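# Structure assessment
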Amino acid sequence: MMTRLPETFPLAVLGVDQAFNRQYRLLECIAAHLEETQLFEADSGCVPGHSRSRTTGRVKAVLADFLVAQDAALLQGAGTRCTAPTPRQ
């Protein structure tokens, strides 16, 4: 039985100017949603009624703005996992 893989949508390769412009746009989005000191605040507590920290909500707003989306979702453990190779026996 052959498993059908889902369709994927790789990101396009960008030139230096395009990459610079996108990075600048991301910084503009960050500045629009985070005030001066909020960028460096440690905010790990849950706000009653939101089930997340205030910073998480702000970061989601930054990503949604940058990606021109209604909302963004952050998934715990969805990042790149780096593990050391296990030695062969």
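Structure report, in brief. (Residues numbered from 1 in each chain as written. Predicted model: local features only at pLDDT ≥ 70, side-chain atom pairs only at ≥ 80, totals over all residues. Heavy atoms only, no water.)

## Observations regarding the overall build of the protein chain
From N to C terminus, the protein chain includes 2 helices and 0 strands. The buried share among the 89 residues of the protein chain stands at 12%. Residue pairs at least 24 apart in sequence account for 36% of intrachain contacts in the protein chain once pairs closer than 6 positions are excluded. As displayed, the protein chain offers around 8,700 Å² of accessible surface, 56% of which is attributable to carbon and sulfur atoms. (Helix = DSSP H or I, 4+ residues; strand = E, 2+ residues; numbered from the N terminus. Buried < 20%, exposed > 50% of the residue type's maximum accessible area, 1.4 Å probe, protein only. Contact = heavy atoms within 4.5 Å. Areas by Shrake-Rupley, 256 points an atom, 1.4 Å probe, with all protein chains shown as cover.)

## Considering helix H2 (residues 54-66)
Taking 1.5 Å of rise per residue, the 13 residues of H2 would be expected to cover 18 Å, and the 19 Å separating its terminal C-alpha atoms lies within 8% of that figure. Residues of H2 that are buried include every one of Thr55, Gly57, Lys60, Val62 and Ala64, and no others. Taken from the residues just after H2, valine 68 is the one with a positive phi, measuring 50 degrees. (Expected span 1.5 Å × (residues − 1).)

## Quick notes on unusual backbone geometry
Peptide bonds are, in most cases, trans, and in most cases residues other than glycine have a negative phi. Although it is not a glycine, valine 68 adopts a positive phi angle of roughly 50 degrees. Assignment of secondary structure puts valine 68 in the segment after H2.

## Thoughts on the pattern of salt bridges
Oppositely charged side chains can form a pair if their charged atoms are brought close together. According to the stated counting rule, one finds 1 salt bridge in the structure shown. Of the charged contacts in the structure, one is a salt bridge between arginine 25 and aspartate 65, with a shortest N-O distance of 3.5 Å. Of this pair, arginine 25 sits in helix H1 (residues 16-33) while aspartate 65 sits in helix H2, and the two are 40 residues apart along the sequence. Take arginine 25: its relative accessible area is 32%, and that puts it in the partly exposed class. Judged by its relative accessible area of 29%, aspartate 65 falls in the partly exposed class. (Salt bridge = Lys/Arg side-chain N within 4 Å of Asp/Glu carboxyl O.)

## Observations regarding the packing of H1 against H2
The interhelical angle for the contact between H1 and H2, taken along N-to-C directions, is 140 degrees, at an axis separation of 9 Å. Between H1 and H2, the angle is such that the two are oblique. Note that H1 runs across H2; the crossing there is right-handed. Facing Arg22, Arg25, Leu26, Cys29, Ile30 and His33 of H1, the residues of H2 in contact are Arg58, Ala61, Val62, Asp65 and Phe66. Grouping the constituent residues of the contact of H1 with H2 by class yields 6 nonpolar, 1 polar and 4 charged. (Axes fitted to C-alpha atoms, helices over the stretch in contact; angles between N-to-C directions. Parallel < 35°, antiparallel > 145°, perpendicular 65-115°, else oblique. Left-handed = near helix turned anticlockwise from the far one by under 90°. Nonpolar A, V, L, I, M, F, W, Y, C, P; charged D, E, K, R; others polar.)

## Topic: the side chain of glutamine 38
Among the structural elements, glutamine 38 can be located in the loop between H1 and H2. A distance of 2.7 Å separates a polar atom in the side chain of glutamine 38 from the backbone nitrogen of glutamate 35. Glutamine 38 has contacts with His33 and Arg58, leaving out every residue within four places of it along the chain. (Polar contact = N/O pair within 3.5 Å; in protein donor to acceptor, adjacent residues only side chain to side chain.)

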